[in-house]
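The residues making up each chain are set out below.
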Amino acid sequence: MDAFLASKRQFLDWLRHTAADTETFFPQPLGEASFQFARVRPDSPLRLEDWDSGTPREAFRASANPVPPGKLLSPPGETLFRFRRDPDGRLEFFPVLDDAPRIIAGIRPCDLHAIHLLDGIQSAGVPDPHYLSRRGHTTLIAHDCLQPCDEHCFCDAVGALRQRQGADLFLTPMEDGLLVEVLSEKGAALVEGAGFSPCGDREARLAWAEGQRARPFGRPLPASPEAIAGILAGSGASPVWREHSERCFSCGTCNLVCPTCYCFDVSDDIDLAAPAEGRRCRTWDGCMLPDFAQVAGGHDFRPGTAARQHHRVARKFQYLPRQMATGSHCVGCGRCGHQCTVDIDIYDIVKDLVERAGP
Amino acid sequence: MSASPLVPFPARLEASEPLSERERLFRLALPAPMSHRPGQFVMVSFPGVGEAPISIACAPRDDARLELTIRRVGSVTQALHALEPGRDLGLRGPYGNGIDTALLAGQDLVLVAGGLGLAPMRSLIQALLARREAFGRLILLAGFRTPAEALFRTEYPDWTAAGMEVHALVNRTEHQPWEGQEGLVTEPIPHLGLDPGRTLAVLVGPPVMYKFVVLELAACGLSSEHIFVDLERRMKCGIGKCGHCQIEDLYCCRQGPVFRLSDLETRREALA
Amino acid sequence: MKPRIAFFDMASCEGCQLALLDCEDIFLDLLELVDIVEFREALSETSPRIDIAFIEGSIHREMDADRLRGIRARSRLLVALGACACNGNVQARSNLYSPAGNLGAVYGPGDRDRVQTDPEWWPLWAHTRVRPLRELVRVDYELRGCPMVKEEFLHLLKRLLLGSLPHTAAHAVCVECKQQGNECVFERGETCMGQITWAGCHAICISHGYRCDGCRGLLPDANLAAHRALMRARGLSEETIEDRYRLFCSHEIDRGRP
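Summary of the structure given here. These figures come from a predicted structure and were not determined experimentally. (Residues numbered from 1 in each chain as written. Chains lettered and ligands numbered in written order. Predicted model: local features only at pLDDT ≥ 70, side-chain atom pairs only at ≥ 80, totals over all residues. Heavy atoms only, no water.)

## Brief notes about the overall build of chain A
The condition that has to hold: Runs of H or I in DSSP of at least four residues are treated as helices and runs of E of at least two as strands, each being numbered from the N terminus. Residue burial is assigned from relative accessible area. The probe radius is 1.4 Å, only protein chains are included, and a residue is buried under 20% of its type maximum, exposed over 50%, and partly exposed in between. All accessibility values rest on the Shrake-Rupley procedure with a 1.4 Å probe; residue burial counts only the protein chains present in the view. Under the counting rule used here, the positive set is Lys and Arg, the negative set is Asp and Glu, and His together with the chain ends is not counted. Where a charge lies is defined by one atom per residue type: Lys uses NZ, Arg uses CZ, Asp uses CG and Glu uses CD.
Check the secondary structure of chain A and you find 11 helices and 12 strands. With respect to the principal axes defined by its C-alpha atoms, chain A has extents near 65 × 65 × 40 Å. Taken over 359 residues, chain A has a buried fraction of 60%. Element-wise, carbon and sulfur atoms account for 52% of the exposed surface of chain A, whose accessible area totals about 13,300 Å². Charged side chains of chain A number 39 positive and 48 negative; the gap between the two group centres comes to 3 Å.

Here's what the structure looks like:
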């Protein structure tokens, strides 16, 4: 597939231009110290200057982005179907599938890896057409990391740093701009007519970038993801769970900011002006929330924050990797640790477990 | 077929009759026959309020009819209880593995049901009695708190007549008429004369019941490979996506809700 | 027949009823579905039988308690409307002091003594303790918040029309902050009660640049010890922390959890 060269300015101008026709998202500042994947408007403050320079105040940092880009594929409160009841009591259901074209640009490899894992989950068994329809109509533009985002990052330790699969276009920062690699037909169609210069020395440029990449990259873990899965399988009685959850609020933040969490609840609503009509919506849910494993009548099959913390971590490192035959479902973005107000960090939990398990 | 497995189809409520103070039997007419196994469940919608997982209470049938026993316990079931016959509710499914009656052929079967557990058990009972000759002894132990809570009481004589040993028990009669025994559902087990070499057990009820029933069955020589349990979880999707029904690495809605006890022994969340 | 709904106010600012009148965009649709039979802010009819009674305000005096019991007796469903009715709101903080002390602090010692001895005045001041409705009567549903949230009110009404009650998940405000895509208040160096407060407000204060002060009350399993430690670590004094908790949640702090 083709590769092009573009200056950062040229790329962002093209992105703004593209956003006039297609709903496009790019990381933009949120509040005082955060980022959001927001709609690109003619006057949006888009930056790429510091993304690879290791000066993290300006660069988009995954851990400082509370809503990961993959959540655009499962928005909170998405309508699954509408219904109507006629006066005789007959019901009709009308599925709602979102097929609007979208572009998500500026995705870091950890978040790209997360979307790739979600693609697998939502296609497996009984596929979820709501996710897959939105996903099928979305173009992903990822951006390589030559420096870790910040002190929360551990993507390399869980095998997420080298993710390219799933992206339609892949950007690598160069001394003279960006290398724009086309990784899919969708990417080729999108970039056609962009006016970027064809690149004749892709391999040499990729080698240069690899030479620039920080080593070690982010926080290391003392065991491989596979070894961690094994340690987790025997960790039910470990005091680690209690120690790392005594200060937990069960607020669910770690679930909701996680790029590979996808659990949901459903809720119905009716139209006040036409009470025989309404819709069913899907809302984000999380296994750290206190009622998640409760059944009708109130019995809780996973009571207490320690048991829930165990479930959350085991699901990322043990249950889903085995079920889906993949690597770790924790992508090392650092969001859960950064966004937790009492600094409960999945990295610390796993490190603690490994160290206590001994050699 | 709908464009989404999360979208129900309409099913008409033909009749709804009270079984106890909290439970009603719903007779539904479906747009097409539903092929299901005993132990499977459906997702039942009252659109505008929500959806709940409900066990199927009848054997598979080819006349596009379905029976569900629904306990009034939350907002959805409360609305369903108030639904008038002739009106539609929403249905999806069937979901879960259910129990393959072919696996039970030639065996003596002990069926232990506690409370509402007799509803999914009734699906199995009907399926077994329809091919009575294919099985050995059929023994039902059905336990309830009081006679007023005893489900399907009028059907016990028919089940007995069709060749099943029926032991219906209540914890206390509370001075209500009761044709069965008084006591716990575990009490008859030592006196059944079970042959552990050719006996399988199927348990449907609250988790607290499983613990004591399993102890009694073990005392009769039944191993955990020969005991099936039906687990209740709060499924929200039925297709292994929403995450609510997970028992550690297992999805109750896909790998269950009927499990071999031996597959659950290392999983602390299963019978907690 | 349309359900007959009524509104009553006890000790409150009546802001919840005003919030309701603020629903003018849907009010006509609403009147298609229900009959409003008592509503002091809007009309003055009284009705002997009520399907759903919405009661705003907390209970301070025995005469209010009697009135509440009377409303309960003629209502099929009783809904506590707003923070005062649900958990005593800011006025519950007066429970820390004696009624006479409160009177003196507000009106001075002269009026304090007069209203406590003058038989014309004292029944009005025969103040015992600030109580939320659920301490006196069975409450079928609680619409939390100061003021109550319009969407929650409508949601409740819709569910009642369908023959059901809503399920309110005991989730922290953090859940709704994430749904709204907000930056965490702690991220900008400030403190917030969102982690220990009932959600349902769509994190409205944080979405508008403020913090959560807990007006919807403490979650049933709120980890107050951890929250207190966090507030200390963020440099708040014990006095400030106590003030923050007691602003809206004084009754819950004193009486244990809801």
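We are not done yet, so read on.
## Thoughts on the overall build of chain C
Heads up, the rule is: The reference for a compact globule is 2.2 Å times residues^0.38; the radius of gyration itself is calculated from the C-alpha atoms. Contacts are assigned to residue pairs that have any heavy atoms within 4.5 Å of one another.
When helices and strands are tallied, chain C shows 11 helices and 7 strands. Relative to a compact globule of 258 residues, whose C-alpha radius of gyration would be 18 Å, chain C shows 20 Å and is just as compact. Principal axes of the C-alpha set define a box for chain C whose edges measure 55 × 50 × 30 Å. By the burial criterion, 54% of the 258 residues in chain C qualify as buried. When contacts within chain C are restricted to residue pairs at least 6 apart in sequence, those whose partners lie at least 24 apart make up 72%. Here chain C displays about 11,300 Å² of accessible surface, and carbon together with sulfur accounts for 55% of that area.

## Topic: the side chain of Ser164(C)
Residue placement: Ser164(C) occurs in the loop between α7 (150-161) and α8 (173-180). According to the relative accessible area criterion, Ser164(C) is buried, its value standing at 2%. Discounting residues that sit within four places of it in the chain, Ser164(C) has contacts with Val49(B), Ser75(B), Gln78(B), Ala79(B) and Arg159(C).

## Observations concerning the side chain of His251(C)
Mapped onto the fold, His251(C) is located in helix α11 (residues 238-255). Those residues within four positions of His251(C) in sequence are excluded, and the remaining contacts are Asn87(C), Ala92(C), Asn95(C), Arg129(C), Val130(C), Pro132(C) and Glu135(C).

## Regarding the nonpolar core
Nonpolar side chains in soluble globular proteins tend to be buried together. Rules: Throughout this description, the term nonpolar core refers to a set of buried Ala, Val, Leu, Ile, Met, Phe, Trp, Tyr and Cys residues connected via side-chain atoms within 4.5 Å.
Counting residues in each nonpolar core, the largest one holds 116 residues, and the members touching the most others are Phe11(A), Ile141(A), Leu66(B), Leu68(B), Leu91(B) and Leu203(B). Discounting chain neighbours no more than four positions away, the residues touching Ile141(A) are Phe11(A), Trp14(A), Leu15(A), Ile103(A), Ile104(A), Ala105(A), Gly106(A), Ile107(A), Leu169(A), Leu171(A) and Leu190(A).

## Let's talk about the packing of aromatic side chains
All names here are of chain A. Selection rule: Working definition: a ring pair exists when centres of Phe, Tyr or Trp rings (six-membered ring for Trp) sit within 6.5 Å. Plane angles under 30 degrees give stacked, over 60 give edge-to-face, the rest tilted.
One pass over the full model with this rule turns up 14 aromatic pairs over all chains. Plain terms: the ring middles of Phe26 and Trp51 are 5.7 Å apart, the flat faces sit at 15° to each other, and that makes the pair stacked. Highlighted residues: Phe26 in strand β2 (residues 23-30) and Trp51 in the loop between β3 (34-39) and β4 (78-85), separated in sequence by 25 residues. Three or more aromatic residues joined by ring pairs make a cluster, and in this case those are Phe26, Phe35, Phe37, Trp51 and Phe60.

## Thoughts on the sheet that holds strand β10 (residues 197-198) of chain A
Residue and element names in this part refer to chain A. In plain terms, the rule: For two strands to be treated as a pair, DSSP must find at least two bridges joining them.
Here we have 8 strands laid out as an open sheet, ordered β3-β2-β6-β7-β8-β9-β1-β10, and mixed in their pairing. This sheet does not close on itself; its edge strands, each paired only once, are β3 and β10. Of the pairings in the sheet, the one linking strand β7 (residues 138-143) to strand β8 (residues 169-174) comprises 3 bridges and is parallel in character. Following the sheet pairing, His143 is matched in β8 by Leu171.

## Comments concerning the interface of chain B and chain C
Note the following rule: Reported buried area values correspond to the accessible surface (1.4 Å probe) lost by two parts on association, with both partners' losses combined. We define a salt bridge as a side-chain nitrogen of Lys or Arg found within 4 Å of a carboxyl oxygen belonging to Asp or Glu. For this analysis, a polar contact is any N or O atom pair within 3.5 Å, provided that within protein one partner can donate a hydrogen and the other can accept it, and provided that sequence-adjacent residues contribute only side-chain to side-chain pairs. Residues are grouped as follows: Ala, Val, Leu, Ile, Met, Phe, Trp, Tyr, Cys and Pro are nonpolar; Asp, Glu, Lys and Arg are charged; all remaining types, including Gly, are polar.
Contact with chain B, which involves 6 residues of that partner, is made by 5 residues of chain C. With both chains or domains summed, chain B and chain C bury close to 520 Å², and 49% of this area falls on carbon and sulfur atoms. Contact with chain C buries surface across chain B, with Val49(B), Ser75(B) and Gln78(B) losing the most and accounting together for 60% of the total. Across the chain B-chain C interface, the total number found is 0 salt bridges. The interface formed by chain B and chain C contains 3 residue pairs in polar contact (both at pLDDT 80 or more). Among the elements that take part in the side of chain B that touches chain C, helix α1 (residues 75-81) of chain B stands out by supplying 3 residues, more than any other. A breakdown of the residues in the side of chain B that touches chain C according to their chemical character gives 3 nonpolar, 3 polar and no charged.

## Topic: the sheet that holds β4(A)
Residue and element names in this part refer to chain A. Formally: Lines fitted to C-alpha atoms define the axes, with helix axes restricted to the stretch in contact, and inter-axis angles between N-to-C directions lie between 0 and 180 degrees.
Across the sheet, which stays open at both edges, the 4 strands sit in the order β5-β4-β12-β11 with antiparallel pairing between neighbours. Here the strands that pair on one side only, and so sit at the sheet edges, are β5 (91-95) and β11 (264-270). Here the average twist between neighbouring strands, direction ignored, is 25°. Note that β4 and β5 share 5 bridges and pair antiparallel. Directly across from Arg82, in β5, lies its bridge partner Phe94.

## As for the environment of Ser250(A)
Residues and elements named next belong to chain A. Tracing the backbone through its elements, the reader meets Ser250 in the loop between α7 (240-243) and α8 (253-256). Separated by 35 residues in the primary sequence, Ser250 and Arg215 have C-alpha atoms spaced 36 Å apart. What Ser250 contacts, discounting residues up to four positions off in sequence, is Met288, Leu289, Pro290, Thr305 and Arg308.

## Some remarks on the pairing of strand β2 (residues 23-29) of chain B
All names here are of chain B. Burial runs high along β2: 5 of the 7 residues are buried. Sheet analysis places strand β1 (residues 9-18) next to β2, joined by 6 bridges and oriented antiparallel. Paired with Ala15 across the strands is Arg27, a residue of β2. In sequence, β1 turns back onto β2 through a hairpin of 4 residues. Bridging between β2 and strand β5 (residues 65-71) involves 7 bridges; their strand directions are antiparallel. In the strand pairing of β5, Arg27 is matched with Glu67.

## Some thoughts on α8(C)
Counting buried positions along α8(C) yields 6 of 8 residues, so the element is predominantly enclosed. The inward-facing, buried residues of α8(C) abut α8 and β12 (277-284) of chain A together with α9 (204-207) of chain C. Phi turns positive one or two residues past the end of α8(C), at Gly181(C), with a value near 75°.

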